[in-house]
Amino acid sequence: MKALFKTLFGSARTIAVAAAAMFVAGLALHGPAPALAGAVLPAALLAGAAYLALEG
């Protein structure tokens, strides 16, 4: 089961980065400029991918 989880989702750090990106996008969505949420999510995901690549 552990191998299936690792194949589908990666590591726990990968899931944490994706959850953090979703949280940041949610904050943007409910903030003063909700139209920016569409730009914040990809930017946060790219930043998270860069973080994971550097920490790898």
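Within each chain, residue numbers correspond to sequence positions counted from 1 in written order. For this predicted model, a pLDDT threshold of at least 70 governs which residues receive local features, and a threshold of 80 or more governs which side-chain atom pairs are given and counted, while totals over whole chains, interfaces and linings are taken from all residues. In computing side-chain properties, one takes all heavy atoms of the structure into account and sets aside hydrogens as well as water.

A. Examining the overall build of the chain more closely. Secondary structure elements follow DSSP: runs of H or I of four or more residues count as helices, runs of E of two or more count as strands, with numbering from the N terminus. Each helix and strand in the chain was counted, giving 3 helices and 0 strands. Reading the secondary structure of the chain in the N-to-C direction produces α-α-α. Atoms counted for the radius of gyration: C-alpha only. Globule rule: 2.2 Å times the number of residues to the power 0.38. Here the C-alpha radius of gyration of the chain, 13 Å, is well above what a compact globule of 56 residues would show, namely 10 Å. Based on the C-alpha atoms only, the size of the chain along its principal axes is roughly 40 × 25 × 10 Å. Looking at the 56 residues of the chain, the share that counts as buried comes to 12%. Put simply, the chain shows about 4,200 Å² of open surface, and 78% of that area lies on carbon and sulfur atoms. The cut-offs for exposure are 20% and 50% of the maximum accessible area for each residue type, with area from a 1.4 Å probe on protein chains only; residues under the lower value are buried, those over the upper are exposed, and the others partly exposed. All accessibility values rest on the Shrake-Rupley procedure with a 1.4 Å probe; residue burial counts only the protein chains present in the view.

B. Region of interest: the environment of Ala33. Checked against the element boundaries, Ala33 lands in the loop between helix H2 (12–29) and helix H3 (37–55). For the pair Ala33 and Ala12, spaced 21 residues apart in sequence, the C-alpha separation works out to 31 Å.

C. Up close: the environment of Gly26. Mapped onto the secondary structure, Gly26 falls in helix H2. Separated by 23 residues in sequence, Gly26 and Ala3 have C-alpha atoms that sit 31 Å apart.

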